[in-house]
Amino acid sequence: MTSLSLPTQFSCHPNASSLPFSSQNRARNRVPFPKKKWRNRWRCSAAEQPQQHRTKKKKPQAEADKGIDPVGFLTKLGISHKQLSQFLRERHKALKDLKDEIFNRHLNLQEMASGYEILGMHRNVQHRVDFMEWAPGARYCALVGDFNGWSPTENCAREGHFGRDDYGYWFIILEDKLREGEKPDELYFQQYNYVDDNDKGDSGVTIEELFKKANDEYWEPGEDRFIKSRYEVAAKLYEQIFGPNGPETEEELEEIPDAETRYKAWKEQHKDDPPSNLPPFDVIDNGKEYDIYNVVDDPVWREKFRAKKPPLAYWLESRKGRKAWLKKYTPGIPHGSKYRVYFNTPDGPLERIPAWATYVLPDVDGKQAFAIHWEPPPESAHRWKNMRPNVPKSLRIYECHVGISGSEQKISSFNEFTENVLPHIKEAGYNAIQLIGVVEHKDYSSVGYKVTNLYATSSRYGTPDDFKRLVDEAHGQGMLVFLDIVHSYSAADEMVGLSLFDGSNDCYFHTGKRGHHKYWGTRMFKYGDPDVLHFLLSNLNWWVVEYQIDGFQFHSLSSMIYTHNGFASFTGDLEEYCNQYVDKDALMYLILANEILHALHPNIVTIAEDATYYPGLCEPTSQGGLGFDYYVNLSAPDMWLDFLENIPDHEWSMSKIVSTLIGNRQYADKMLVYAENHNQSISGGRSFAEILFGAIKEDPLSSKTTLLRGCSLHKMIRLITLTIGGHAYLNFMGNEFGHPKRIEFPMPSNNFSLSLANRCWDLLENEVHHNLFSFDKDMMKLGENERSLSRGLPNIHHVKDSAMVISYMRGPLLFIFNFHHTNSYEGYYVGVEEAGEYQIILNTDETKYGGQGLIEEGQYLQRTINRRVDGLRNCLEVSLPSRTAQVYKLSRILRI
């Protein structure tokens with residue numbers, strides 16, 4: 001007798017569809033990711049099949065990997081490096097193996113990145129709240145909070161009691177409490193609509209009446225015969241074999257004929273049966289010995305059956321509304337409840353903030369942190385009003401920090417940012433904002449980079465709905481919203497963060513030295529663990545789905561790509577990108593992140609911040625790249641800072657300026673460039689304005705010479721950085737108008753002062769800062785109206801180190817910069833290709849920008865001279881005052 005063995009592994013994971021886990025109704029767009037196919041299928045054979053196994057033909061490897069070349073970008077660039085090529089091929093093979101491991105537990109990559117739908121705290125339609133957490137090192141798990149008197153035994157899940165699966169996921173149900181005098185639901189699986197404030201379906205119609213209506217509409221006469229008497233067939237078969245007329249000995253039990261003989265006998269027996277209204281079916285055989293029968297039905301009945309719709313409308317009619325739920329039940333965990341997760345571990349009990357918590361108070365008046373159950377009623381929950389803007393061809397990004405965005409010496413809120421700062425950004429002409437420090441972090445002085453709770457917005461700025469309102473309003477004003485995401489490391493805090501989350505040292509992070517950042521005291525994720533990947537990939541998708549985020553800048557990739565965390569001297573040798581210090585698992589995570597984000601959200605924007613410029617950052621993943629849309633040119637701000645602080649004006653190298661800002665020309669269109677971002681102001685340094693205008697005094701701009709130099713260089717640095725680089729430009733909040741103060745977050749060294757943790761918006765009323773802001777606005781208009789960023793790469797045809805002049809063309813626009821500190825040039829020749837009339841459309845020396853106005857109005861229109869200069873057929877004779885820049889536009893073409 002053949003025994004049937006069933007697997008004993010039990011899973012609370014997303015692929016365990018037999019368990020009634022459900023979140024609030026979130027509609028998901030299905031993406032046809034590749035998925036594992038079931039290998040075993042039921043077969044109905046005409047005769048016994050032979051003993052040999054029929055092998056399934058596999059697709060050729062070349063066909064399976066069609067269009068994929070692990071070293072494609074190296075071939076495209078003409079790079080021949082044996083060690084790097086071998087590394088890319090091995091990484092590609094490891095990625096395929098990793099995907100196979102993922103597909104053993106998940107239906108596809110979309111499900112892999114949707115863990116937030118069941119993990120954490122979720123309202124179930126069956127009047128309860130489900131909680132799920134991953135803690136493989138724990139022996140016991142419970143929820144404690146003010147809703148149960150912080151009891152570790154009232155709401156618990158124990159190992160071996162269907163509370164923990166084999167992967168370490170714990171599942172706890174918090175039942176809503178029946179109000180006094182109310183009777184339990186008549187239907188065991190009674191569902192409630194918590195979102196809509198109505199009672200549709202709660203009309204007094206009984207469940208029996210609904211089921212009868214559904215059956216009467218769905219079943220044709222006679223079709224429900226075996227539904228009403230489901231044991232009829234079994235009873236007849238039992239009577240035939242074991243009844244009084246059945247065989248009594250083994251000899252009387254005849255050999256059971258094959259399927260074909262039985263079928264023909266059945267057809268002969270029923271050939272004279274009267275016509276039936278049941279759907280006709282027949283079985284045919286094409287004559288092959290081992291062929292599988294094909295079941296053929298009547299086409300009319302087939303279409304009729306396909307047109308049938310399940311009686312879901314009646315089932316939904318039984319769902320009751322929010323009013324009915326509140327009348328009958330009190331929530332098991334009310335909105336706003338404080339809670340933590342309690343674990344019993346081999347080292348003893350401990351309490352932690354749930355890893356998937358969406359609202360956390362990390363440090364309230366020095367007390368222990370806790371999570372907040374956020375389930376606002378429909379009337380107070382945020383409802384999205386604005387659509388996402390289309391992604392522009394070029395990005396003008398305004399980087400900002402919500403906490404320091406106000407003028408007062410306090411931590412500003414999401415609502416204050418929405419009301420006061422968003423209109424300023426819109427007026428300034430930027431088309432995207434990039435938020436830093438939004439994800440929850442306990443240490444405010446870390447600027448938000450030591451993240452403790454990856455799924456929560458920082459509670460010091462407001463509620464999750466306040467952040468949704470900020471994003472919604474930004475979309476309404478036509479701006480994209482990017483998030484500076486930190487997946488390269490995590491805070492080492494144990495009480496609030498993920499360190500030693502379940503009592504073990506290797507839950508989310510590596511053990512030993514590899515699990516700790518060499519210099520920053522943070523923990524390093526274990527990217528090769530499928531459950532850690534599940535957590536991180538779901539986190540990216542969570543911000544896009546829940547908060548409508550339009551893109552991410554991945555912070556400090558060098559910290560995760562290399563086991564030395566990027567703190568090593570790089571010579572540029574390709575071997576440094578494929579040696580023993582490269583974390584292959586981290587690279588595979590970045591590939592998966594880009595593949596999943598771009599498949600689920602085609603308009604998403606991903607930006608890589610990597611100081612080592614890892615090869616293939618912005619190449620397609622199918623060609624061996626990492627799949628980012630943009631990479632950050634980190635050399636540009638370092639160059640400008642070095643020039644301003646260490647090099648005299650007359651020693652500035654024009655060639656170095658051009659080569660640094662252009663970067664790698666093969667990826668220039670993928671480059672995001674900036675003159676200064678928050679690093680110059682926050683990381684112990686000074687802003688460019690503070691360097692240019694001198695120390696802050698009662699009258700910091702008293703020196704006219706200092707003022708003129710500072711304003712001139714401030715404008716020129718930004719203009720050349722914006723127009724000579726790639727298709728994306730970034731500016732940090734306040735730098736557009738020359739904010740003169742650095743930023744210093746509250747910390748012990750300054751007695752936790754907030755005096756420098758703000759922005760002085762009142763400076764816009766000052767003439768100097770107002771003029772700088774006016775120039776920045778017109779510079780952004782240049783990007784918007786003249787497409788100075790989205791045009792093709794610039795043709796840099798004039799770089800003179802001796803004269804300190806740079807000139808280049810970008811489409812019909814001609815840019816000329818004179819960086820010389822004293823020399824002004826009259827009758828300076830600059831080459832142009834197209835003959836015609838060129839009009840100045842932007843001049844840094846205009847008086848409205850704080851300049852001297854040395855170029856007269858009559859000199860704004862210039863006609864070309866038929867003379868070859870700079871290797872071009874024509875030229876312009878222009879006036880170049882010192883420390884000024886002009887932008888000319890070809891206004892009329894002359895035909896010669």
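Residues numbered from 1 in each chain as written. Predicted model: local features only at pLDDT ≥ 70, side-chain atom pairs only at ≥ 80, totals over all residues. Heavy atoms only, no water.

1. Thoughts on the overall build of the protein
And step 1. Of regular secondary structure, the protein possesses 22 helices and 31 strands.
And step 2. Sequence separation of 24 or more characterises 73% of the internal contacts of the protein that already satisfy a separation of 6 or more.
And step 3. As displayed, the protein has an accessible area near 44,000 Å², and 50% of this comes from carbon and sulfur atoms. (Helix = DSSP H or I, 4+ residues; strand = E, 2+ residues; numbered from the N terminus. Contact = heavy atoms within 4.5 Å. Areas by Shrake-Rupley, 256 points an atom, 1.4 Å probe, with all protein chains shown as cover.)

2. Side note on the pattern of salt bridges
And step 1. On inspection of all chains with the given rule, the structure shows 33 salt bridges.
And step 2. The salt bridge involving lysine 468 is made with glutamate 546; its shortest N-O contact spans 2.8 Å. Linking lysine 468 in helix α13 (residues 464–476) with glutamate 546 in helix α14 (residues 530–547), this pair joins segments that are 78 residues apart in sequence.
And step 3. Judged by relative accessible area, which is 12%, lysine 468 ranks as buried.
And step 4. On the basis of relative accessible area, glutamate 546 is assigned to the buried category, the value being 16%. (Salt bridge = Lys/Arg side-chain N within 4 Å of Asp/Glu carboxyl O. Buried < 20%, exposed > 50% of the residue type's maximum accessible area, 1.4 Å probe, protein only.)

3. Re the packing of α13 against α14
And step 1. Contact geometry for α13 and α14: axes closest at 10 Å, N-to-C directions at 75 degrees. Here α13 lies roughly perpendicular to α14, going by the angle between them. Here Pro464, Phe467, Lys468 and Val471 of α13 come into contact with α14, specifically with Trp543, Glu546 and Tyr547.
And step 2. The residue makeup of the contact of α13 with α14, split by class, is five nonpolar, no polar and two charged. (Axes fitted to C-alpha atoms, helices over the stretch in contact; angles between N-to-C directions. Parallel < 35°, antiparallel > 145°, perpendicular 65-115°, else oblique. Nonpolar A, V, L, I, M, F, W, Y, C, P; charged D, E, K, R; others polar.)

4. Focus on empty space enclosed by the protein
And step 1. Applying the stated criterion to the full structure yields two cavities of 30 Å³ or more.
And step 2. As a volume, the second largest cavity reaches approximately 30 Å³.
And step 3. Lining the second largest cavity, in full, are Glu399, Gln434, Gln553, Glu609, Val632, Tyr674, Asn677 and Leu730.
And step 4. Taken together, the residues of the lining of the second largest cavity break down into three nonpolar, three polar and two charged. (1 Å grid on protein atoms, 1.4 Å probe; cavity = no way out; pocket = protein on both sides within 12 Å on 5 of 7 lines; lining within 4 Å. Points joined across faces, edges and corners; volume = space filled by probe spheres on them.)

5. A look at the side chain of glutamate 690
And step 1. Within the secondary structure, glutamate 690 sits in helix α20 (residues 688–693).
And step 2. As a buried residue without a salt bridge, glutamate 690 has its nearest oppositely charged side chain in arginine 742, at a separation of 4.1 Å.
And step 3. A distance of 3.4 Å separates a polar atom in the side chain of glutamate 690 from the backbone nitrogen of arginine 742.
And step 4. Dropping the residues within four chain positions of it, glutamate 690 is found in contact with Pro740, Lys741 and Arg742. (Lys, Arg positive; Asp, Glu negative; His and termini not counted. Polar contact = N/O pair within 3.5 Å; in protein donor to acceptor, adjacent residues only side chain to side chain.)

6. Side note on the pairing of strand β24 (residues 795–800)
When a strand is regular, its side chains alternate between the sheet's two faces.
And step 1. Pairing between β24 and strand β25 (residues 805–810): five bridges, direction antiparallel. Counted as the bridge partner of isoleucine 796 is tyrosine 808 from β25.
And step 2. Turn length for the β24-β25 hairpin, with the two strands adjacent in sequence and antiparallel, is four residues, and the turn residue methionine 804 shows positive phi of about 60 degrees. (Pairing = 2+ DSSP bridges.)

7. Quick look at helix α17 (residues 635–646)
And step 1. Over its twelve residues, α17 runs 16 Å from end to end, which matches the ideal 16 Å to within 8%, given 1.5 Å per residue.
And step 2. For α17, the set of buried residues is Ala636, Pro637, Met639, Trp640, Phe643 and Leu644. All buried residues of α17 project into a common sector of 160 degrees when viewed along the axis, lining one side. (Expected span 1.5 Å × (residues − 1). Arc of directions from axis to C-beta.)

8. Quick look at the environment of isoleucine 682
And step 1. Here isoleucine 682 lies in helix α19 (residues 678–682).
And step 2. Counting along the chain gives 61 residues from isoleucine 682 to isoleucine 743, while the straight-line C-alpha distance between them is 5.0 Å.
And step 3. Leave out the neighbours within four places in its chain, and isoleucine 682 touches Val447, Phe732, Ile743 and Phe745.

9. Topic: the packing of aromatic side chains
And step 1. Within the structure shown, the criterion is met by 46 aromatic pairs.
And step 2. Between phenylalanine 414 and phenylalanine 467, the ring centres sit 5.2 Å apart and the planes meet at 45 degrees, which makes this aromatic pair tilted. Here the residue phenylalanine 414 occupies a position in helix α12 (residues 414–428), and phenylalanine 467 occupies one in helix α13, the gap between them amounting to 53 residues. Like phenylalanine 467, phenylalanine 414 is buried.
And step 3. In this arrangement the basic side chain of arginine 105 is found over the ring face of tyrosine 167, its NZ or CZ atom lying 3.7 Å from the centre.
And step 4. The cationic tip of arginine 123 hangs over the ring face of tyrosine 194; the distance from NZ or CZ to the ring centre is 4.8 Å. (Phe/Tyr/Trp six-rings, centres within 6.5 Å; stacked < 30°, edge-to-face > 60°. Lys NZ or Arg CZ within 6 Å of the ring centre and 35° of its normal.)

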